[in-house]
Amino acid sequence: MDRERDGGAVTAPAVEVRDLVKRYPKSKVNAVDGVSFTVTPGEVFGLLGPNGAGKTTTVGILTTRVRPSGGVALVAGVDVGADPVRARRLVAVVPQRNNLDRSLSIRQNLLFHAAYHGVPAAERGHRADALLEEFGLADRSGEKPDMFSGGQAQRIMVARALMHAPKVLFMDEPTTGLDPAARLFVWDRVRDLRARGVTIVLTTHDMDEAAELADRVGIMDRGRLLALDTPDGLTRGLPGQTTLEVALAPADGTSPDDLLAALGALDGVERVERVEAAHAGSPAFAGGWPGMNGPPAGPPPRGGGTEGDGRPRELRARLYLSGDAPLMLAPVATMLAARDAQLTDVSIGTPSLEDVFISLTGRSLR
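Residues numbered from 1 in each chain as written. Predicted model: local features only at pLDDT ≥ 70, side-chain atom pairs only at ≥ 80, totals over all residues. Heavy atoms only, no water.

**Observations regarding the sheet that holds strand β9 (residues 168–172)**
Operational definition: We treat two strands as partners when DSSP finds at least two bridges between them. Working definition: helices are DSSP H or I runs of at least four residues, strands are E runs of at least two. Numbering for both runs from the N terminus. Angles run from 0 to 180 degrees between N-to-C directions of axes, and those axes are lines fitted to C-alpha atoms, restricted for helices to the stretch in contact. In what follows, residue pairs with any heavy atoms lying within 4.5 Å of each other are defined as contacts.
The strand order β8-β9-β10-β5-β11-β12 describes an open sheet built from six strands, whose pairing is mixed. If you trace the sheet from one side to the other, it starts and ends with β8 (91–94) and β12 (224–229), each paired once. Each strand of the sheet is rotated relative to its neighbour by a mean of 20°, with strand direction disregarded. Here five bridges tie strand β11 (residues 216–221) to β12, and the two strands are oriented antiparallel to one another. For G218, the partnering residue across the bridge sits in β12 and is L228. Contacts from helix α1 (residues 55–62) reach β5 (44–48), β8, β9, β10 (199–204) and β11, with the element oriented near 135° to β5.

**Some details on the layout of surface pockets**
To find the voids left in a structure, one rolls a probe of water-molecule size over its atoms. Just so we agree on the cut-off: A 1.4 Å probe that fits but cannot get out identifies a cavity on a 1 Å grid over protein atoms alone, an open set with protein on both sides within 12 Å along at least five of seven lines counts as a pocket, and a residue lines either if it has an atom within 4 Å of a point. Grid points are joined across faces, edges and corners, and a volume is the space filled by probe spheres set on the points. When residues are grouped by polarity, Ala, Val, Leu, Ile, Met, Phe, Trp, Tyr, Cys and Pro land in nonpolar, Asp, Glu, Lys and Arg in charged, and all others, Gly among them, in polar.
Estimates place the volume of the largest pocket at around 600 Å³. Taken together, 26 residues form the lining of the largest pocket, with V93, N99, H113, H117 and R160 sitting closest to its centre. The set of elements that each furnish at least two residues to the lining of the largest pocket consists of α1, β8, α3 (106–116), α5 (150–161) and β9. Among the elements that make up the lining of the largest pocket, the one with the highest residue count is α3 (four residues). The class makeup of the residues in the lining of the largest pocket is 13 nonpolar, eight polar and five charged.

**Re the side chain of T199**
Heads up, the condition is: The classification of residues rests on relative accessible area computed with a 1.4 Å probe and restricted to protein chains. Under 20% of the type maximum is buried, over 50% is exposed, and intermediate values are partly exposed.
Looking at the secondary structure, you find T199 in strand β10. On the basis of relative accessibility, which here comes to 2%, the residue T199 falls in the buried class. When residues no more than four places from it in sequence are discounted, the contact partners of T199 are A14, V39, T40, P41, G42, E43, K167, V168 and L169.

**Thoughts on the packing of helix α9 (residues 256–264) against helix α10 (residues 329–338)**
The condition is simple: In a left-handed crossing the near helix is turned counterclockwise from the far helix by less than a right angle, and in a right-handed crossing that turn is clockwise.
Two elements in contact, α9 and α10, have axes whose closest approach is 10 Å; the angle formed by their N-to-C orientations is 145°. Our pair here, α9 against α10, has a crossing hand that is right-handed. For the pair formed by α9 and α10, the contact residues are L259, A262 and L263 on the first element and V332, M335 and L336 on the second.

**As for the pairing of strand β6 (residues 70–75)**
Across five bridges, the pairing between strand β3 (residues 15–22) and β6 is antiparallel. Bridging from a neighbouring strand, V17 pairs with A73 of β6. Pairing between β6 and strand β7 (residues 78–79): two bridges, direction antiparallel. By the bridge assignment, L74 is partnered in β7 with D79. Between β6 and the antiparallel strand that follows it, β7, lie two residues; A76 among them carries a positive phi value of about 50°.

**Let's talk about the environment of G52**
The topology assignment puts G52 in the loop between β5 and α1. Along the backbone, G52 and V32 are 20 residues apart, and their C-alpha atoms lie at a distance of 9.9 Å.

**Comments concerning a nonpolar patch on the surface**
The line we're drawing: Here, patches come from residues exposed beyond 30% relative accessible area and free of salt bridges, joined within 9 Å for like charges and within 5 Å for nonpolar side chains (Val, Leu, Ile, Met, Phe, Trp, Tyr). Note that accessible areas follow from Shrake-Rupley with a 1.4 Å probe, and for residues the cover is restricted to the protein chains shown. The rule for a salt bridge is simple: a side-chain nitrogen of Lys or Arg has to be within 4 Å of a carboxyl oxygen of Asp or Glu.
Together, L329, L343, V346 and I348 make up an exposed nonpolar region whose accessible area comes to about 280 Å². Here L343 is to be found in strand β16 (residues 342–349).

**Some thoughts on the pairing of β9**
With five of five residues buried, β9 lies mostly within the body of the structure. Judged by which residues are buried, β9 turns out to be covered on both faces: V168, F170 and D172 on one side and L169 and M171 on the other are all buried. As defined by bridge partners, β8 adjoins β9 across four bridges and the pair is classed as parallel. Looking at β9, one finds that V91 is bridged to V168.

In structure tokens form, the structure reads like this:
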């Protein structure tokens, strides 16, 4: 069992998961399939993956809402399966959907939550007032949840979750459906909580959110943990220091796979990845050309030609490069011109967390 030492004292991880398994009745596969990881106190830990990856089930086990089929899950050293009552006192959940009691004022929502978790009566009012002030809601404490926007309701749910001073705060897709201003407010609150030493487990499929907020990221798919590292560590592990994304229109009768293979054969190109088609109505697909990055998610268009409205059919590819992307523009353009392919768009960037996911699974995360 991993432990950290702080001034000679042994400190348990905030979260520890060992060989965790969950299989639902009548399912032919495990929803969670042998997952192991730890979260250190004060860390923001991101669990990423598409719908059905197993991240929500994993959090459900850690918050005692789902019983595991096997393995061990601990929160602040407490086994959530063996002692769920004690474990519930140590955690709080900010759900994706608003579950505030609509019959109570927002202050009463906070007070009721604190009473449920055994916070002494003398402390409840003080904590509620302090949190409402911190979250910019003190002047509306007597209003009911229906009077608040989605972003404001999210603030209230975070404040409510903090009323009993949990050891670990679980946030499920915390900014889904929020406008940009509300999203940035939630991000700032997460940073503030981390600065105060609150441990946060964040489940999301938003790569920008994970890269911005998480100290470490675990990427899940089909019940398994595929990778675990810092956001920078995960992207550094990809082939290529920079990326060059090109949109091109193949000549009539030219195979897109041949063009992708030719791009991959250029000096300085470490990997080529096919990405989505450019026009609405074209097949969306992801993955690499054969032998590079697994099978595409959908059948690619064969040959060039045009869309139904007469526009050239476009193909998009992302090139992972060992050197500077601008220096690759001329070789790419020359090669395409030699094959009568039109270069219609160019974008330069660096590998992202979504690129990591595609590299691991061969399909788009979103």
